[in-house]
Amino acid sequence: MQVLKLAVQKSGRLSERSFQLLKECGIKIPNEDRKLYSSASNFPLEILYLRDDDIPQYVEQGVADIGIVGWNEVVEQDKNVEVVEYLGFAQCRLCLAIPKDADYTGLAYFEHKRIATSYPNTLKNFFDSQGIPVEIEKIGGSVEIAPRMGLADAIFDIVSTGSTLLMNGLKEVYTVLKSEAVLVKNTYLATDKQNILDKFVFRIKAVKNASENKYILLNAPNEALPNIIKILPGIKSPTILPLAETGWSSLHSVVKEDQFWDIIDQLKALGAQGILVCSIEKMVI
Ligand code: ATP
Ligand code: MG
């Protein structure tokens, strides 16, 4: 039987969430010691454990059929792979940062400046597109200390909260790329492998939908229901059940996580009471 080969980061910022996603998709990986590869026990999936830098190339060459990797790495390496799904974790941005006391005058500031980065291709493409000549110093890690060491005037690096920059006397001045983990696939996937991938993506979508939505239950006087239904449309339409007390109903629906607090305020204003909000484990629309 065909098996789909998935490349994941062996250890690093993508690893735990990648394994969590597999678990939430109901895929069991018995051999968790992450040597080189292991097979799922209940899904036709084989896991290859790699450095994240190698994942786009392995997927392009078909050594792995699919991979979970940062979008920033896909852009930097410019390999021929297709993004199947944005996964919503490992969110970060690739930014330009300069010494905190420097006077930032816009992108022209960088003209003929030396910029240290581990993402030279992304940086070069960006400044080429702006028509601004810069000098790029490629370094492997600890990019943020390069200005203090006199190796560069500025840096181009991954930022999530900005605290590392602050600690190194730098300030973020421009975001070039926003990134998150993505599922990529080989461009020439055979049909039987594509069928397995479709099943895997179906599960990923159910997990993602669930995490982006909440199940909401509330009690409301019957006359308030038409207005409440307008702001809680649910998947198709809300469920309404009568309460033992006449003139009152219980309403069940689904609400987007990011709209949730705004909606709660509106519901209270409309007379809703006893509002319960629960997490959803899987959601198939
Ligand atoms: P490897 O040893 O596999 O080469 P690495 O050191 O190159 O690992 P990590 O630091 O583990 O890479 O980061 C992997 C990916 O996680 C990055 O390419 C990026 O997409 C994302 N990432 C990096 N730093 C952060 C951060 N601070 N917050 C969120 N996501 C991040
Ligand atoms: Mg790496």
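In the block above lies the structure referred to throughout.
The notes below deal with the structure included here. Please read all numbers here as calculations on a predicted model, not as lab measurements. Here, residues in each chain are numbered from 1, in the same order as that chain's written sequence. Just so you know, chain letters begin at A and ligand numbers begin at 1, following the order they were written in. Local features are withheld for residues below a pLDDT of 70 in this predicted model, meaning they are given only at 70 or higher, and side-chain atom pairs are given and counted only at 80 or more; totals for whole chains, interfaces and linings count all residues. To obtain the side-chain values, all non-hydrogen atoms of the structure were used and water was disregarded.

The next thing to look at is unusual backbone geometry. Of note in this structure, D78 is not a glycine but carries a positive phi near 50°. Structurally, the position occupied by D78 is in the loop between α3 (71-77) and β5 (81-86). With phi around 55°, A90 is a residue other than glycine that occupies positive phi space. Helical segments are the DSSP runs of H or I of at least four residues, strand segments are the runs of E of at least two, and each set is numbered from the N terminus. Structurally, the position occupied by A90 is in the loop between β5 and β6 (92-99). Look at A90 and you get partly exposed, because its relative accessible area is 29%. Summary of the burial criterion: residues with accessible area below 20% of their type's maximum are buried, those above 50% are exposed, and those between are partly exposed, where the area comes from a 1.4 Å probe applied to protein chains only.

Our next topic: the state of the cysteines. A pair of sulfur atoms, both from cysteines and within 2.5 Å, is called a disulfide here. Evaluated as defined, the whole model comprises zero disulfides. Here C92 stays unpaired: no disulfide links it, and the sulfur of C95, its closest cysteine neighbor, is 9.1 Å away. Using a relative accessible area of 16% as the deciding quantity, one classes C92 as buried. Owing to a relative accessible area of 1%, C95 belongs among the buried residues under this scheme.

Bringing the coordination of the magnesium ion (ligand 2) into the picture now. Listed donor atoms are N, O and S within 2.8 Å of the metal (Na, K and Ca: 3.2 Å). As water is not included, a site may look incomplete. Donor atoms from the polypeptide that coordinate the magnesium ion (ligand 2) comprise D52 (OD) and D53 (OD), at 2.0 to 2.1 Å from the metal. For D53, a relative accessible area of 30% gives the class partly exposed.

With that out of the way, let us pick up the pattern of salt bridges. Note that side chains of opposite charge can pair when their charged atoms are close. What counts as a salt bridge is simple: a side-chain nitrogen of Lys or Arg found within 4 Å of a carboxyl oxygen of Asp or Glu. Under the criterion given, the structure shown has nine salt bridges. The residue D65 makes a salt bridge to K193 at a minimum N-O spacing of 2.9 Å. One end of the pair, D65, is in the loop between α2 (55-61) and β4 (66-70); the other, K193, is in helix α6 (residues 191-212), with 128 residues separating them in the sequence. Looking at K193, the relative accessible area reads 13%, which means it is buried. Residue E257 is joined to K214 by a salt bridge in which the shortest nitrogen-to-oxygen separation is 3.7 Å. One end of the pair, E257, is in the loop between β14 (248-256) and α8 (260-269); the other, K214, is in strand β12 (residues 213-221), with 43 residues separating them in the sequence. For E257, a relative accessible area of 35% corresponds to the partly exposed category. One network of salt bridges, in which partners are shared, links E85, K205 and K208.

Read these as geometric descriptors, not functional statements.
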